[in-house]
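Residue-level listing of the chains:
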Amino acid sequence: MPVAPSELTFSQRLKYFTVNIALRGLIGGLKLIPYRSRVPAMGWVMRKVAPLAGFHKRVRRNLHYTRPDLTAAQVDSLCHQVADNVGRTLAELYAGAPFWARAKAAGISGPGLAVLEQARAEGRPVVLVTGHFGNYDAARSKLVQMGFNMGSLYRRMANPYFNEHYVKAISATGKPMFEQGKRGMVEMVRHLKSGGNIAIVADMHAQGGEYLPFFGRPALTSTVPAELALKYKAAFIPVYGVRRDNGLDFDVVLSDEIPHSDPVTMTQAVCDDLERMVRGHMGQWFWVHRRWKPIHDTPHPDYAD
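Not measured: the values here are computed from a predicted model.

### A few points about the overall build of the protein chain
Link 1 in the chain: Helix and strand content of the protein chain: 11 helices and 9 strands.
Link 2 in the chain: A compact globule built from 305 residues would reach a C-alpha radius of gyration of about 19 Å, and the protein chain, at 19 Å, matches this within 12%.
Link 3 in the chain: Dimensions of the protein chain, computed from the C-alpha atoms along their principal axes, are close to 50 × 45 × 45 Å.
Link 4 in the chain: The 305 residues of the protein chain split such that 50% are buried.
Link 5 in the chain: Sequence-distant contacts in the protein chain: of pairs separated by 6 or more residues, those separated by 24 or more amount to 76%.

Here is the structure:
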C-alpha cells in the first residue's frame, strides 16, 4: 500500500526520489517539444524502455495466459503497441491545454450518452466505469467540457514524491478528485448524493473483490462501483476513450446502461463490456497490469505465481 515518506526505509526513499527526479525531468524535457511530436516521441521512448523495465515479459505472460491462440508475431506487435499507448497516455496526462483540445474535439457516441444526458436533466447521479484502455482521461475531459459534473476516484501512487505531481496533473483536467480510501469514499458519496457523476477505473486486481471471468480467466474484481450505483440509485454506464489510428485523437464511447440487479451480475457485465472493447483494440489495454494473480488469503483457482 502507498505510504508517506516517513514510513519508508532510507533505500526506499532514495529509490523513489531518484525515480521522481528522472520522470519529472523527462516530462519537463518533453514539454519543450511541440505536442504533435511530443506524444509519439513519448510512445517511442516507452517502446525502448519497456523491455528493460520488464514490461514486455508481463505482457507476454498475460497474453499467454488469456490469448494462447495468438502467434509469436502478434504477441511481439502487441508488446510494442501497449508500450506505445502507455507512453502516449503519460505524455497526454501532463500536456494540459493541447490534450484538452483533442478531447473536446473527440467524437462521442453510444447508447449510454442519451442515458447520461437524461440523468443530468433529472438530477440523477451516474457511476461511469472504465478501464486502463486507450486514454480514459480523454473521456473524462470530454464530459467535463460538455458540462457534466464529473468527479473521479483515483489511487495514490506508491511513489510519494511523484504522487503530488501526478495528482496535480490529473486534477487539472477536472475536479473534484477523490483519493481511494475512507476519506475519499465519504467525499465521493456526498458528491453522488447531490446528483453528481463519478468515474471509476475498475480493472485493477482488487483485494476483497470477487473472482470474475475476464478473458476466460478468473480475475479478482471490485464490486464497489456496482454497490454504489445500487445504493444511490445511480445510472451505471461503461465509458471509454478510444485512441484513433493517428495516435493523437479519440472517440468517446458510452456503452449501454447496465441494469440494476446485484453487484456481482453488474460487475460481470462491466468485465464483459471491457473485454469486448479490448478485443477490438488489443494494443490499447494496459496488459502490463498483474490483472490475474493470487493473493495470500485468496489463492487463485488456476494461476500460481
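### Some remarks on the pairing of strand 3 (residues 150-154)
Link 1 in the chain: With respect to burial, strand 3 is a largely interior element, 4 of its 5 residues being buried.
Link 2 in the chain: Pairing between strand 3 and strand 5 (residues 197-201): 3 bridges, direction parallel. Looking at the pairing, Ser-152 lines up with Ala-199 of strand 5.
Link 3 in the chain: With 3 bridges connecting them, strand 3 and strand 4 (residues 177-179) associate as parallel partners. Bridge assignment links Tyr-154 to a residue of strand 4, and that residue is Glu-179.

### Section: the sheet that holds strand 3
Link 1 in the chain: Across the sheet, 7 strands lie side by side as 1-9-8-2-5-3-4; this open sheet has mixed pairing. The two strands at the open ends of the sheet, each matched to only one other strand, are strand 1 (107-109) and strand 4. Neighbour-to-neighbour, the strand axes of the sheet open up by a mean angle of 25°, direction not taken into account.
Link 2 in the chain: Bridge count between strand 8 (residues 235-243) and strand 9 (residues 250-254): 5 bridges; the pairing is antiparallel.

### A short note on the packing of helix 5 (residues 97-104) against helix 7 (residues 136-145)
Link 1 in the chain: As a packed pair, helix 5 and helix 7 sit with axes 8 Å apart at the nearest point and diverge in direction by 75°. On the basis of their axis angle, the class for helix 5 and helix 7 is roughly perpendicular. Where helix 5 abuts helix 7, its residues Phe-99, Trp-100, Ala-103 and Lys-104 lie against Asp-137, Ala-138, Ser-141, Lys-142 and Gln-145.
Link 2 in the chain: The residue makeup of the contact of helix 5 with helix 7, split by class, is 4 nonpolar, 2 polar and 3 charged.

### Here's the deal with the packing of helix 10 (residues 224-231) against helix 11 (residues 263-280)
Link 1 in the chain: It is at 8 Å that the axes of helix 10 and helix 11 come closest, and there the two elements cross at 120°. Our classification of the angle between helix 10 and helix 11 gives oblique. Handedness of the crossing formed by helix 10 with helix 11: right-handed. When helix 10 is examined against helix 11, the residues Ala-226, Glu-227, Ala-229 and Leu-230 are found in contact with a partner set consisting of Pro-263, Met-266 and Thr-267.
Link 2 in the chain: Of the residues belonging to the contact of helix 10 with helix 11, the class tally is 5 nonpolar, 1 polar and 1 charged.

### Here we look at the side chain of Asn-85
Link 1 in the chain: Looking at the secondary structure, you find Asn-85 in helix 4 (residues 72-93).
Link 2 in the chain: Look past the residues within four positions of Asn-85 in its chain and what remains in contact with it is Gly-134, Arg-243, Gly-283 and Gln-284.

Rules behind the numbers
- Residues numbered from 1 in each chain as written.
- Predicted model: local features only at pLDDT ≥ 70, side-chain atom pairs only at ≥ 80, totals over all residues.
- Heavy atoms only, no water.
- Helix = DSSP H or I, 4+ residues; strand = E, 2+ residues; numbered from the N terminus.
- Rg over C-alpha atoms; globule rule 2.2 N^0.38 Å.
- Buried < 20%, exposed > 50% of the residue type's maximum accessible area, 1.4 Å probe, protein only.
- Contact = heavy atoms within 4.5 Å.
- Pairing = 2+ DSSP bridges.
- Axes fitted to C-alpha atoms, helices over the stretch in contact; angles between N-to-C directions.
- Parallel < 35°, antiparallel > 145°, perpendicular 65-115°, else oblique.
- Nonpolar A, V, L, I, M, F, W, Y, C, P; charged D, E, K, R; others polar.
- Left-handed = near helix turned anticlockwise from the far one by under 90°.

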